[in-house]
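Descriptive structure summary
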Amino acid sequence: MSDERLLCVSEEPEVAVALVRLARSLTGPGTGRVVAVVLPGSAPDAAERLAAAGADEVRPVDGPALTDPHVVADLLAEIVAAVSPSVLLVGSTKRGREAAGHLAGVLDLPATTGVTGLRLDADGIRVDREALSGNAVAVERIVRRPAIVAMMPGFSAPPAAPSPSPGRVRQPPRATAPLTERTELRPKAGGQLEIEKADRIVTIGRGLRKKEDLPIVEALARALGAEVGCTRPLAAEAGWLTDDHWIGLTGHRVHPALYVAVGVSGAVQHLVGMRSSRVVVAINKDPNAPIFAQADYRITGDLYQIVPALTKALGG
Amino acid sequence: MGEKLRIWTAVKHGLDVNLTRADRTTGLVRVESAPRKTSDFDKNAVEEAVRVRERLGGVVTAISVGGPAAREALREAIAIGADEAILVTGDRWAEWDTRAVARLLAAATRKLGGFDLFLLGEGSTDHFAGLVGPRLAGELRCAGIAYARRLTAAAEGVVVEKDLEKEVEVVRAAYPVVVSVGQEINTPRIPTFMANLKASKKEVRVLGPPDLDVPAEALAPVVVVERVAVPEIPRKQQTIAGTTPDEIAARLRDALRGEGVLP
């Protein structure tokens, strides 16, 4: 419990609510102050939701949606000056990290991203964050306030604790000239699969020799009632599957009950995407593949023989 | 831009995350002694810088902020095709955080006449904070575009396809602009033997914070890493073998049935 001011902002509505709940739990009920920014273009009930989550004050910003990080940073700089928070909480989304970095550069503030845990200690702000491509957890101490802390979306947020009389302060838009111009916004190709929600996943790696062999793996996925995942080279380099199948540090993080890694070597950047899976099966012809160290069931063999046999055994 | 396009690219000589091991009993990683290599995303940035120069002409300056071993990252950048190399180093480089690195990069560009296009990785393989590029743009109050998956450079500016979680945003900016790139943007070339040989002979310009008019106190860390640990996730590590693929498949099916994870 502390008498600190915390400022929360995220372009993702769910993340914004989670940030406010976290901030409220850090200050404690009735102490400190939690202020939430409502970005232009938010849903009509955004301010109410943030107040219900625990904000003492919401600051709706008028005007069109903001995309240029320079303009976002300029607006946030003004709000930081008005609220003087000890911590600015943002979401560690791509836009969130980018805005955090810009603002940190403009105001010369400490900043950190990918944070899963936050404590306001007497000798500084302590955060747990992902490190080493997500396979380790680092504890960092921020020695100066205010600081910018970007929380990983999906971090475990404490329950809501509504403030008894939340206030509302209109935040006028700024007249900053943008330095970048958006000319187009389009959904990603493919992009409709939400592999984070899959209960079972069969992931294919570079062990697959050619794109035409994908049906072998897709048949196993069907027999298992699973989604098909892939490693970075197959999505980003070969383009055999769209980005929504890509599991790893810069792809998606998944946590299914069953994860079957087929022809996946197990680079650290892939492991971070799948390490929260409950049961892991690895099929690889290289007995020294790093994926085997992360597997519950290990099969050393040729995927072109094992996978069809497994599909058959499962009645596919 | 002036007569020649001034392209800068930053390379980090970071921890090699695939070779970094935790102590078996404590789970702690000894960061000081871990092997290092050029951060993956930065190689994409160097490759993109060289491709822009190949199309539009100009000079590619590679810069690294780090210890003496960061010369290796610069050598690699030269081998890929960068024209000149700058190492910014000092006694206390090991404690420089993302703020210090961005300040030194900004100071170097100011001192050495500015840039049109500054390319760097969207994050480093070891830290992956994704802050240095945006911080640099913020510090210099110039345009910044992160998460570039495609870049088209022209004489007056760039058009970038920015990779967001669910969308692709096309963004235009005039020079100067800082662009952070993802790995989708290109596949970095593998330097030839001759390119590697020539790169190892290339002179690296070494500068310290005083050369860049940055006082030591401006670099004092504001974010201190206290410990790095690898959380242990227990796995059964059970080998499933058999004389035929069908036998192996049946054994795995039974094991998965026992786990209750089959539909």
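Note that the structure is predicted; figures quoted are calculated from it, not measured. (Residues numbered from 1 in each chain as written. Chains lettered and ligands numbered in written order. Predicted model: local features only at pLDDT ≥ 70, side-chain atom pairs only at ≥ 80, totals over all residues. Heavy atoms only, no water.)

Moving on, we come to helix α1 (residues 13-27) of chain A. Residues and elements named next belong to chain A. Here α1 is 15 residues long and its end C-alpha atoms lie 22 Å apart, about the 21 Å a rise of 1.5 Å per residue gives. Of all 15 residues in α1, 11 are buried, a share of seventy percent or more. Regarding α1, the residues found buried are V15, A16, V17, A18, L19, V20, L22, A23, R24, L26 and T27. Among the structural elements, β1 (5-9), β2 (33-38), α2 (46-53), β4 (87-91), β5 (111-121) and β8 (147-151) are those in contact with the buried residues of α1. G28, located one to two residues past α1, shows a positive phi value of around 85 degrees. (Helix = DSSP H or I, 4+ residues; strand = E, 2+ residues; numbered from the N terminus. Expected span 1.5 Å × (residues − 1). Buried < 20%, exposed > 50% of the residue type's maximum accessible area, 1.4 Å probe, protein only. Contact = heavy atoms within 4.5 Å.)

Parsing chain B into structural domains produces domain 1 (6-219) and domain 2 (234-263). One C-alpha centre belongs to domain 1 of chain B, the other to domain 2 of chain B; they are set 46 Å apart. (Domains from an automatic or database assignment.)

Ordered in space as β10(A)-β9(B)-β8(B)-β7(B)-β10(B)-β6(B)-β1(B)-β4(B)-β5(B)-β11(B), the 10 strands form an open sheet in which the pairing is mixed. Each having just a single partner strand, β10 (180-187) of chain A together with β11 (204-207) of chain B make up the two edges of the open sheet. Neighbouring strand axes in the sheet, compared pairwise and without regard to direction, differ in orientation by 35 degrees on average. Of the pairings in the sheet, the one linking strand β8 (residues 157-163) of chain B to strand β9 (residues 167-174) of chain B comprises 7 bridges and is antiparallel in character. Its bridge partner lying in β9 of chain B, K162 of chain B is registered against E169 of chain B. Against the sheet, helix α3 (residues 98-111) of chain B touches β1 (6-10), β4 (59-65), β5 (84-88) and β6 (117-121) of chain B, its axis set at about 145 degrees to β4 of chain B. (Pairing = 2+ DSSP bridges. Axes fitted to C-alpha atoms, helices over the stretch in contact; angles between N-to-C directions.)

Before going further, it helps to examine the interface of chain B and chain A. Contacts between chain B and chain A engage 80 residues on the former and 82 residues on the latter. Inspection of the chain B/chain A interface yields 14 salt bridges. Between D163 of chain B and K188 of chain A there is a salt bridge; the shortest N-O distance is 3.2 Å. For the interface between chain B and chain A, the tally reads 50 residue pairs in polar contact (both at pLDDT 80 or more). Residues belonging to the side of chain B that touches chain A are distributed by class as follows: 41 nonpolar, 14 polar and 25 charged. Direction of pairing for β10 of chain A relative to β9 of chain B: antiparallel, over a ladder of 7 bridges. Note on β9 of chain B: the bridge partner recorded for R182 of chain A is V171 of chain B. (Salt bridge = Lys/Arg side-chain N within 4 Å of Asp/Glu carboxyl O. Polar contact = N/O pair within 3.5 Å; in protein donor to acceptor, adjacent residues only side chain to side chain. Nonpolar A, V, L, I, M, F, W, Y, C, P; charged D, E, K, R; others polar.)

According to the stated counting rule, one finds 50 salt bridges over all chains in the structure shown. Ionic pairing is found between R141 of chain A and E226 of chain B, a salt bridge with its closest N-O pair at 3.2 Å. Of the two residues, R141 of chain A is situated in strand β7 (residues 136-142) and E226 of chain B in strand β12 (residues 223-229); the pairing between them involves two chains. Across the pair R53 of chain B and D83 of chain B runs a salt bridge whose closest N-O atoms are separated by 3.0 Å. Remark: D83 of chain B occurs in the loop between α2 (71-80) and β5 and R53 of chain B occurs in helix α1 (residues 40-56); sequence separation between them is 30 residues. Residue R53 of chain B is classed as buried on the basis of its relative accessible area of 18%. A single salt-bridge network, built from bridges that share partners, covers K94, K188 and D243 of chain A together with R149 and D163 of chain B.

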